[in-house]
Amino acid sequence: MNYDFTTLHPRIAVGSSKWEAMRKLRPGLPPEVIPLSVADMEFANPPEIAESLSRCLNGMILGYTQPTDGYFAALESWMARRHSWKIDREWVVPSPGVVPALCHMIQAYTEPGDKVIVFPPVYYPFYSAIRENGRQVLECPLLEKDGRYEMDFDRFARAAEEGKVLLFSSPHNPVGRVWSREELETLSAICLEKGVLVLSDEIHFDLILGERPHTVFAALSEAAEQNCVICTAPSKTFNLAGLQTSNLIIPNEKLREKLLTVRKRLGLHGCNMLGYQACETAYRECEDWLEQLLTVLRENRTLVETYARAFLPGVKPVALEGTYLQWLDCRELGMDARALERFMQEKALWFTDEGYIFGTGGEGFERINLACPTWVLRKALDRLRDALQSRRA
Ligand SMILES: Cc1ncc(COP(=O)(O)O)c(C=O)c1O
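Remember, predicted model here, so these are calculated numbers, not experimental data. (Residues numbered from 1 in each chain as written. Predicted model: local features only at pLDDT ≥ 70, side-chain atom pairs only at ≥ 80, totals over all residues. Heavy atoms only, no water.)

Draft legend 1. Spatial organisation of the sheet that holds strand E12 (residues 353-354). Read from one edge of the open sheet, four strands run E10-E11-E13-E12, paired in antiparallel fashion. Each of the sheet's edge strands pairs with one partner strand only, and the pair in question is strand E10 (316-317) and E12. Bridging between E10 and strand E11 (residues 325-329) involves two bridges; their strand directions are antiparallel. Along E11, the bridge assignment pairs Pro317 with Leu328. (Pairing = 2+ DSSP bridges. Helix = DSSP H or I, 4+ residues; strand = E, 2+ residues; numbered from the N terminus.)

This is how it looks when you write it as structure tokens:
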């Protein structure tokens, strides 16, 4: 079956966080001006999910619900099939979102005042999860070499003397790296040697655009498996963020118990019934949809690369290996962070996530969301081309 990735669906006044933020900044924009910011997609969900939810709503009582055997089987099969990692259902802790889980994990595995290591530029809620819980951020900036990012292992080894936990984004949001097995092995070896626990946020792990496959951190070795929490979700992959359903996978029993203790304190049990249903259906029935999505995302990535080379002097896309979030190096435009933000919003009608919000190394960059119909993305690129031309004129 061919799925529709070309229709632009109206999301005005339906409570979309991404669209409402744009409309607040600039009301009355033409309909083809879409926000390129928050990481959800402008594509309709796989129709199998809507059908499954309708069937469920027709026949079900919306009472207290827990994950079924079918849910765990679908998740186990997905992890084995797509990620070559054999999991045990006992390890799974469903959570109403990865961001809330980051806070719970910080509470469970660190004490107030402890240092938590991050690799900036990085997904900005990492900072708030650490700081809002009274812990300290320890930045270990990524190294940028010829437009490609790497971890600075020497610096990380030093940071690991002080940091208790690493909050890790894999694939990395926003720089789009899919970490190689070798890189992850080096990271894991340092963490094991220095006693740093790895909280590996792998929410984008199904969205691999390049040749290199994603390696689940826990699948590296038995030792790594016992020294991490893996955060996964169907939300990025199948556009289900509104259902607030994610899965933490914690092979180490003691770590699992610690997390469950924090959740008990917060009165938190699990997710909602429709989220479980959608997740199970996605993992069981929507693999074809995902493959077609990946084709569109790869086309959009190529469009941005070729378009930037031809028409966007001073704007350089960083090689996008995974996620649908394109990191754009705009430093050659010579604007400071605020001027760049104003230029993007007012001249190009681009509503992006500004690079500076991702911490050290983010200033001068823009993060744009490629998960929209290709023709809509082309219109956005045209607007930026025209704005750059007027600036030069
Ligand atoms: C790395 C990363 N983690 C977590 C999230 C959000 O997770 P959730 O919606 O499950 O809280 C995002 C969304 O953009 C993300 O990029």
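Draft legend 2. Representation of helix H1 (residues 17-25) in the model. Residues of H1 that are buried: Lys18, Trp19 and Met22. Looking straight down H1, one finds that the buried residues subtend no more than 95 degrees of arc, so they occupy a single side. Looking at H1, the residues exposed on the side facing more than 90 degrees away from the buried face are Ser17 and Lys24. On its buried side, H1 packs onto strand E13 (365-369). (Buried < 20%, exposed > 50% of the residue type's maximum accessible area, 1.4 Å probe, protein only. Arc of directions from axis to C-beta. Contact = heavy atoms within 4.5 Å.)

Draft legend 3. How the structure looks around unusual backbone geometry. Going from Pro120 to Pro121, the amide bond is cis rather than trans, its omega being 0 degrees. Structurally, Pro121 is set in the loop between strand E2 (115-118) and helix H5 (125-131). Here the residue pair Ser170 and Pro171 is connected by a cis peptide bond, since its omega of -5 degrees sits within 30 degrees of zero. Its place among the elements puts Pro171 in the loop between strand E6 (165-169) and helix H7 (181-194).

Draft legend 4. Seen up close, the site of the ligand. Taken together, Ala39, Gly97, Val98, Val99, Pro100, Tyr123, Asn173, Asp201, Ile203, His204 and Lys236 make up the full set of residues near the ligand. The contact in question runs from a nitrogen atom of the ligand to an N or O atom on the side chain of Asp201, over 2.5 Å. The contact in question runs from an oxygen atom of the ligand to an N or O atom on the side chain of Lys236, over 3.0 Å. When atoms are counted within 2 Å of each cavity's grid points, the one that captures over half of the ligand is the largest pocket. The dominant element in the shell around the ligand, judged by the number of residues it contributes, is helix H4 (residues 98-109), at three residues. (Near = heavy atom within 4 Å. Polar contact = N/O pair within 3.5 Å; in protein donor to acceptor, adjacent residues only side chain to side chain. 1 Å grid on protein atoms, 1.4 Å probe; cavity = no way out; pocket = protein on both sides within 12 Å on 5 of 7 lines; lining within 4 Å. Sits in = over half its atoms within 2 Å of the grid points.)

Draft legend 5. Representation of the layout of surface pockets. The computed volume of the largest pocket comes to approximately 910 Å³. Lining the largest pocket are 40 residues, with Ala39, Asp40, Lys236, Ala241 and Gly242 positioned closest to its centre. Broken down by element, the residue count for the lining of the largest pocket peaks at three residues, all from H4. When its residues are assigned to classes, the lining of the largest pocket shows 18 nonpolar, 14 polar and eight charged. Looking at the second largest pocket, the residues that line it are Phe72, Arg89, Glu90, Val92, Val93, Pro94, Arg256, Leu260, Arg263, Lys264, Leu268 and His269. (Points joined across faces, edges and corners; volume = space filled by probe spheres on them. Nonpolar A, V, L, I, M, F, W, Y, C, P; charged D, E, K, R; others polar.)

Draft legend 6. Here's a closer look at the domain arrangement of the protein chain. By domain assignment, the protein chain separates into domain 1 (17-46 + 287-392) and domain 2 (62-284). If you average the C-alpha positions of domain 1 and of domain 2, the two centres end up 26 Å apart. Both sides of the domain 1 and domain 2 interface together cover about 2,900 Å² of buried area, and 53% of this is carbon and sulfur. A per-residue breakdown of the area domain 1 buries against domain 2 is headed by Glu287, Glu321 and Thr323, which together make up 24% of the total. Our enumeration of links across domain 1 and domain 2 arrives at seven salt bridges. (Domains from an automatic or database assignment. Buried area = accessible area lost by both parts, 1.4 Å probe. Salt bridge = Lys/Arg side-chain N within 4 Å of Asp/Glu carboxyl O.)

Draft legend 7. Spotlight on the pattern of salt bridges. Applying the stated criterion across every chain, the model contains 28 salt bridges. Between Lys164 and Asp114 there is a salt bridge whose closest N-O contact spans 3.0 Å. Pair noted here: Lys164 is in the loop between helix H6 (153-162) and E6 and Asp114 is in the loop between H4 and E2, with a separation of 50 residues, a long-range link. A relative accessible area of 34% places Lys164 in the partly exposed class. For the salt bridge of Asp386 with Arg385, the shortest nitrogen-to-oxygen distance reads 3.0 Å. The exposure class of Asp386 is partly exposed, given its relative accessible area of 36%. Among the charged side chains, a network of salt bridges with common partners joins Lys145, Arg148, Glu150, Arg177, Glu183, Arg212 and Glu321.

Draft legend 8. A look at the side chain of Asp353. Its place among the elements puts Asp353 in strand E12. Not counting residues up to four positions away in its chain, the partners in contact with Asp353 are Ser37, Val38, Tyr124, Phe358, Glu366 and Arg367.

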